[in-house]
Amino acid sequence: MEILSQLWSLLGLLTVLQNILPSQLLSLLNSFYESLQDLFSPYAYFEIPEFNGYCGVDVNDLYRHVNLYINSVNTSAAKCRRLTLSRSKSSNRISFTVAPNHTVHDSFNGHSLSWTHHVDTVQDSLEEKRSFTLKLPKRHRLTLLSPYLHHLTSRAEEFERVSRERRLFTNNGHASYDSGWVSVPFRHPSTFETMALEPELKNQITEDLTAFADGKEFYHRVGRAWKRGYLLYGPPGSGKSSLIAAMANYLCYDVYDLELTKVTDNSELRALLLQTTNRSIIVIEDIDCSVDLTADRMMKTSTTTTKRSSSRTSMKEDVEDQNGRVTLSGLLNFTDGLWSCCGEEKIIVFTTNHRENVDPALVRCGRMDVHVSMGTCGAHAFKVLAKNYLGVESHSHALFDVVESCIRSGGALTPAQIGEILLRNRGDVDMAMKEVVTAMQTKIVGGREVLEWDEMTVVRSPESVLVVGSPENLELSPPRKCGGKKKKEGSSSSSDKKAKFLVRLRSLTKSDSGRRGV
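Residues numbered from 1 in each chain as written. Predicted model: local features only at pLDDT ≥ 70, side-chain atom pairs only at ≥ 80, totals over all residues. Heavy atoms only, no water.

1. Section: the sheet that holds strand 1 (residues 43–49)
The strand order 1-8-7-6 describes an open sheet built from four strands, whose pairing is antiparallel. The open sheet has two free edges, formed respectively by strand 1 and strand 6 (102–108), since each of these has just one partner strand. The sheet shows a mean angle of 25 degrees between the axes of neighbouring strands, direction not considered. Note that strand 1 and strand 8 (residues 128–137) share seven bridges and pair antiparallel. (Pairing = 2+ DSSP bridges. Helix = DSSP H or I, 4+ residues; strand = E, 2+ residues; numbered from the N terminus. Axes fitted to C-alpha atoms, helices over the stretch in contact; angles between N-to-C directions.)

In structure tokens:
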């Protein structure tokens, strides 16, 4: 009791002195006390304020990184006694910060460190002064501080990349006056796990994307702009747009969907490029149909066969026409010119249904580095679709072998066509599988590469599900004439082989129906 009374007396004396002594003297005494504490303390302290300087305008980026880093290290956050939780309207992720004047502990290279979040109220103001204080062993501060801050920054940037809300942008036709892009949240569900791709192609794409995302030091070392070009080509419904969404979700990138028909000239195209952010995918779909990019080259070729006077006139007219549109030269500079290196970690994707219609200058190496052929479904891709839509594995249904036989015989369909069949029959696995076989049989006999669904009559009853495309009910068209010449005799034998193959398929499907009691 005697010690407590002396302690209370000392506290009372300090309170009286604080009220009597001038503020300058109190500040001097406080500095002297902190100096003594730093001299005898085994720890070093580093303060990281929220703003740089005294104006409170320039945000300290390191403060933001510390906040993100603490969010990314869940095991360390669990050691803190009190946290402040929050969640934004546009995100399902719960973020947290260290509560005011509380400490969270961390470890690095076998050393114990801690972060203390200070929040002080500014005198005669409603504003608050926030800062983090890093405490680490004093004897190791020179060898520990720089590597730890580098580790913290890398971890914070990675966490920000995977946790931030991704956006889907499109150009609004006003790039020269204001922001040329408008955006909505990007929430496309496509991933490489759900993509109907063959395993080899899927692995090649993911490995290339991973190498690109981790290649910052490599691109700087070899002197190349940190960008990559992809050309996706294939028939409609082959999954080109879904692959772009899967790439964006895999890398956690924003997507810029560039509509060339809304771009007035090359200057606006360049302005749009400058307004894109790092870690983004710039997409130009149907590059061969967006604008007439090959007109420039055709004009230049045609002028070489005319006289010099007519050539000069046509060149003047050509220049006048180019002033009001996007040219091939402008698009080439967009993808591979000096302006293309503005920003880092960008992927440019072109899509087309007909690769041969795209100007060769657009798809050479250095512009479109990776060419991906998106065709019809293979055996493995069909198994992925069946699992996604029907929840059925390949070993649990006998018609998977029939589907594989149809694919090998030229009856493969696009993922969109198969997905539509599986979608409308998702409640009946047997019906869905039989309709897929029927559609493939129809394609084999019809010999058409693309079969539109409104041209095919599908009978839903189990007894007549194989009527469409069966040899008994399908009239094989006679050999056609092409250019006034008859086809070779081998075409009729090929039709006979297809008919025999379909008879064999029908017998397999009938036996499967008998086993299942259909």
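2. Some points on the packing of aromatic side chains
Going through the model one piece at a time under the given rule, you end up with 12 aromatic pairs. Centroid distance tyrosine 63 to phenylalanine 132: 5.1 Å. Interplanar angle 45 degrees. Geometry classified as tilted. Highlighted residues: tyrosine 63 in helix 3 (residues 61–72) and phenylalanine 132 in strand 8, separated in sequence by 69 residues. Assigned by exposure class, tyrosine 63 and phenylalanine 132 land together as buried. (Phe/Tyr/Trp six-rings, centres within 6.5 Å; stacked < 30°, edge-to-face > 60°. Buried < 20%, exposed > 50% of the residue type's maximum accessible area, 1.4 Å probe, protein only.)

3. Remarks on the sheet that holds strand 15 (residues 370–373)
If you trace the seven strands from one edge of the open sheet to the other, you get 10-9-12-13-14-11-15, paired in mixed fashion. Each of the sheet's edge strands pairs with one partner strand only, and the pair in question is strand 10 (181–185) and strand 15. Put simply, the sheet's adjacent strands are angled 20 degrees from each other on average, direction ignored. Pairing of strand 9 (residues 167–171) with strand 12 (residues 254–257), which is carried by three bridges, proceeds in the parallel orientation. If you follow phenylalanine 169 over to strand 12, its bridge partner there is tyrosine 256. Set on the sheet, helix 8 (residues 240–251) makes contact with strand 11 (227–233), strand 12, strand 13 (280–284), strand 14 (346–352) and strand 15; between it and strand 14 the angle comes to about 170 degrees. (Contact = heavy atoms within 4.5 Å.)

4. Describing unusual backbone geometry
Of note, the phi angle at asparagine 101 is positive, near 60 degrees, even though the residue is not glycine. Mapped onto the fold, asparagine 101 is located in the loop between strand 5 (95–98) and strand 6. You will see that cysteine 252, though not glycine, has its phi angle at about 60 degrees, which is positive. Mapped onto the fold, cysteine 252 is located in the loop between helix 8 and strand 12.

5. Things to note about the packing of helix 15 (residues 399–408) against helix 17 (residues 429–446)
Between helix 15 and helix 17, the least distance of the axes is 10 Å, while the angle of their chain directions is 20 degrees. Between helix 15 and helix 17, the angle is such that the two are roughly parallel. Handedness of the helix 15/helix 17 crossing: left-handed. Contacts between helix 15 and helix 17 involve Leu399, Phe400, Val402, Val403, Cys406 and Ile407 from the first element and Met433, Lys434, Val436, Val437, Met440 and Ile444 from the second. Of the residues belonging to the contact of helix 15 with helix 17, the class tally is 11 nonpolar, no polar and one charged. (Parallel < 35°, antiparallel > 145°, perpendicular 65-115°, else oblique. Left-handed = near helix turned anticlockwise from the far one by under 90°. Nonpolar A, V, L, I, M, F, W, Y, C, P; charged D, E, K, R; others polar.)

6. Remarks on the nonpolar core
Counting 28 residues, the largest nonpolar core has Leu243, Met247, Ile281, Ile347 and Val349 as the members making the most contacts within it. Those elements that place two or more of their residues in this core are helix 6 (199–213), strand 11, helix 8, strand 13, strand 14 and strand 15. By residue number, the principal contributor to this core is helix 8, which donates seven residues. Apart from the residues lying within four places of it in its own chain, the contact partners of valine 349 are Tyr230, Leu232, Ile244, Met247, Ile281, Ile282, Val283 and Ile284. (Core = buried A, V, L, I, M, F, W, Y, C linked by side-chain atoms within 4.5 Å.)

7. A short note on helix 15
For helix 15, the buried fraction is high: seven of the 10 residues fall into the buried class. For helix 15, every residue scored as buried is listed here: Leu399, Phe400, Val402, Val403, Ser405, Cys406 and Ile407. In the segment just after helix 15, glycine 410 is the residue with positive phi, at about 95 degrees.

8. Some points on the confidence of the model for the chain
When the pLDDT values of the chain are averaged, the result is 76; 73% of them are 70 or greater. Scored below 50 in pLDDT, residues 301–309 makes three contacts in the model with residues more than four places away or belonging to other chains. In this model, residues 448–492 is a region of pLDDT below 50 whose contacts with residues beyond four sequence positions or in other chains number 56 contacts. (pLDDT = per-residue confidence, 0-100.)

9. Focus on the pairing of strand 14
Across the seven residues that make up strand 14, a large majority, seven, are buried. Here strand 14 shows no split at all, with Lys346, Ile348, Phe350 and Thr352 on one side and Ile347, Val349 and Thr351 on the other all buried. Alignment of strand 11 against strand 14, held across seven bridges, turns out to be parallel. Note that in strand 14 the partner of arginine 228 across the bridge is isoleucine 347.

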